[in-house]
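# Residue-level structural notes
The chain contents come next:
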Amino acid sequence: MGLEEKLPNGILLTTVEKLVNWSRKTSMWPATFGLACCAIEMMTTGGSRYDIARFGMERFSATPRQADLMIVAGRVSNKMAPVLRQIYDQMPEPRWVLSMGVCASSGGMFNNYAIVQGVDHVVPVDIYLPGCPPRPEMLLDAILKLHAKVMDEPLGPARAALKAERGERTELIPSSVRYAPRGAGK
Amino acid sequence: MTTTAVLAQAQQRLSNAELLADDPLWLTLIKVVVLFIVVMLTLALLVWAERRVLGRLQNRPGPNRAGPFGMLQSIADALKLSLKEDIRPARADKWVYIMAPIIGGIPPFLAMAVMPFGGEVTMFGVQTALQVVDLPVGVLVVLACSSVGVYSIVLAGWSSGSPYPLLGALRSAAQVISYEIAMGLSIVGVVLFAGSLSTADIAAAQSGGWFAWILPISFVIYLISMVGETNRAPFDLPEAESELVGGFHTEYTSLKFLMFFLAEYANMVVVSAFATTLFLGGGAVPWPLSAIADNALSSGYWPLLWFGLKTALLIFGFIWARAALPRLRYDQFMKFGWKVLVPLNLVWIVAVTALRVLRNAEGVTSGQRIVIIGVAVAVLVLGSLLLPGRQVADEEPQVPLAGSGYPLPPLDLTVPTPPRQRRTVRARAEQPREAVTASGKEAGDGNA
Ligand code: SF4
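Predicted model, so just to flag it, every value in this text is computed and none were measured. (Residues numbered from 1 in each chain as written. Chains lettered and ligands numbered in written order. Predicted model: local features only at pLDDT ≥ 70, side-chain atom pairs only at ≥ 80, totals over all residues. Heavy atoms only, no water.)

### Let's talk about unusual backbone geometry
Note that the residue after E93 of chain A, namely P94 of chain A, is joined by a cis bond; omega there is -10°. Along the polypeptide, P94 of chain A turns up in the loop between α3 (80-90) and β2 (96-100). Note that the residue after C132 of chain A, namely P133 of chain A, is joined by a cis bond; omega there is -15°. Although it is not a glycine, S254 of chain B sits at a positive phi angle of roughly 55°. Its location among the elements puts S254 of chain B in helix α12 (residues 254-279). Look at S254 of chain B and you get buried, because its relative accessible area is 5%. (Helix = DSSP H or I, 4+ residues; strand = E, 2+ residues; numbered from the N terminus. Buried < 20%, exposed > 50% of the residue type's maximum accessible area, 1.4 Å probe, protein only.)

The structure is reproduced here in structure tokens:
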């Protein structure tokens, strides 16, 4: 971050951009950070049945200094909000936030004085994942979609303008469609 | 295997030191560059292999999306880490904080230079050996390099200006000092047998039998202490995630963290290659294959293959241990190092020395040798009988106070029914229902 943004636009830059984005999506280390029941589902995703390691994400880093992705797994209480924000602030750029479960996304069933009504009041969220709790498959789906988003990230203001002009986007195909067994009709 | 055998060999073939002595500078440079590239590639492959093997050991596939079989995973990790924001905590000591990862990254590569990968080859028309440099004190160089690596950990922990790294660094210092001793002592036996501190000579001295067979106890102690030395599971106390967050590298991001990452894996390669040199015959071909064509598979470039395979086997052991064993508690770990490994090593060195003196002594018949060994063993057994036995623990079960002095209830506590409750129950039975609820509530609120 920094130097590459000052470069002029060109063919080489497109390739560099792809490479950079590829490396960022291929090794996206999540922060070890679970808040409530959703965290159990997040741990299951790390287990051998679902194996988040396939995407190079099994290195949950205990220190936010080495994390790329914060999975807000669970409801955020008002007391926890500053802690969450601090962890987010301690993560180095580029960083992403995945709001997992309805509680983190909107407060969910806890419509009361104690729970932050959506973690987007505290940190910017990149992708929302509904469900109470979302199944590990859903979490993986959200992560794959986040990967698709990361692949779209421009390498600087010039590239961003160009991309917006051309309307280039990676399609967010649901995993249920993308990985549907062959022969299953639509 | 003994000194005479080594001398006989030296007469037939030039030793590595002699071969390397008149290497032109450009050849040394080529070797250095090739070695560096090979080690870097090994590291990239090693990180991937570790994650895959760990995955298989835990019944899951492991990284398999990046490139064929996920082999580009570590490349992606390295690239991503180097492109991340570099944070330096406000309370960090700037220069030490920057220097620490650099100090950690260099020594393992230095140590690789003295590893004897193989014997005589002809490279670009120059007769040379598959080794960058053969120092008369090669073994000490490797030991020195691994100890300098500790400075990086200690300095990183101290300069981060935060408690977790400091604790990790202190642990690491204590750990490496104690395991360095065990490691150094286990090398003493090897040096006694090889009669040299040069790594190439030690590898050559094993043509009659690997030191792993001749000195099994030294070998096992070396294997244990090399895990302790490299801070790997189950001895990964300096970076124990569940206790110390990230240990000494908690505050490090980006390239600096990458350096620590590399240093750890490079250290693994170094200690494994060192074990191969000291105990597994270096580049010598393993037994059944050594019979082929009068040991032809040990000459030329073949030793590279055997050396690599043996090192890979030892590294696999590292990964296996990580998957299979839980982390030791800190005091148990220290106790194991100081009270088991070091004394065992000392006794073993004395025994090995005595055996060698006996064998080399003139005019001692084999019958006398057996008698002397028998007497020594008998004295040892009798002596061990005289040792005071472990004190039998008190019969009474004790409640552990964990040193806090916090008063805990006795284990056989039977909770007596409070008399007041009995009174209330009786009162409740006697009095009319409404009155009891009202008065009981008031009493509970005001007087309790
Ligand atoms: S969304 Fe459901 S599972 Fe997740 S934290 Fe809220 S209540 Fe728990």
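There's plenty left to go through after this.
### A look at the side chain of R51 of chain B
Relative to the elements of secondary structure, R51 of chain B occurs in helix α3 (residues 25-57). For R51 of chain B, a relative accessible area of 9% puts it in the buried group. Only 2.6 Å separates the side chain of R51 of chain B from the side chain of E58 of chain A, close enough to count as a polar contact. (Polar contact = N/O pair within 3.5 Å; in protein donor to acceptor, adjacent residues only side chain to side chain.)

### What to know about the UniProt feature "domain: NADH:ubiquinone oxidoreductase-like 20kDa subunit" (unreviewed entry) in chain A
UniProt tags residues 37-146 of chain A as "domain: NADH:ubiquinone oxidoreductase-like 20kDa subunit" (unreviewed entry). Helix makes up 35% of residues 37-146 of chain A and strand 12%, and the two end C-alpha atoms of the span are 22 Å apart. (UniProt positions renumbered as here; feature names shortened; annotations may be inferred.)

### Considerations on the environment of R390 of chain B
Residue and element names in this part refer to chain B. Examined against the element boundaries, R390 turns out to sit in the loop between α16 (366-386) and α17 (419-430). For R390, a relative accessible area of 80% translates into the label exposed. Spatially, the C-alpha atom of R390 lies 66 Å from that of F124, the residues being 266 residues apart in sequence.

### Describing the interface of chain B and chain A
At the interface, 31 residues of chain B touch 30 residues of chain A. Carbon and sulfur atoms supply 56% of the area buried between chain B and chain A, which totals about 2600 Å² over both sides. Broken down residue by residue, the surface that chain B buries against chain A is led by K80, L83 and K84 of chain B, which jointly contribute 23%. At the surface where chain B touches chain A, the tally comes to 5 salt bridges. Of the charged contacts, one joins R65 of chain A and E251 of chain B as a salt bridge, the two residues approaching to 2.7 Å between their closest N and O atoms. (Contact = heavy atoms within 4.5 Å. Buried area = accessible area lost by both parts, 1.4 Å probe. Salt bridge = Lys/Arg side-chain N within 4 Å of Asp/Glu carboxyl O.)

### Here's the deal with the sheet that holds strand β1 (residues 69-73) of chain A
Residue and element names in this part refer to chain A. An order of β1-β2-β3 is seen for the 3 strands of this open sheet, with the pairing classed as parallel. In this open sheet, the two strands that pair with only one neighbour each are β1 and β3 (127-129). Between one strand axis and the next, the sheet turns by 20° as a mean value, whatever way the strands run. On the sheet, helix α2 (residues 37-46) packs against β1 and β2 and is oriented at approximately 130° with respect to β1. (Pairing = 2+ DSSP bridges. Axes fitted to C-alpha atoms, helices over the stretch in contact; angles between N-to-C directions.)

### Digging into the UniProt feature "binding site: [4Fe-4S] cluster" (unreviewed entry) in chain A
Residue and element names in this part refer to chain A. In the numbering used here, UniProt assigns the feature "binding site: [4Fe-4S] cluster" (unreviewed entry) to C37, C38, C103 and C132. Spanning 96 residues, the named residues form one tight spatial group whose C-alpha atoms are at most 10.1 Å apart. Setting aside residues up to four positions removed in sequence, C103 forms contacts with G74, R75, G108, F110, V116 and G118. Summarising the element assignment, C132 is placed in the loop between β3 and α5 (136-151). The contacts of C132, once residues within four sequence positions are left out, are V102 and M109.

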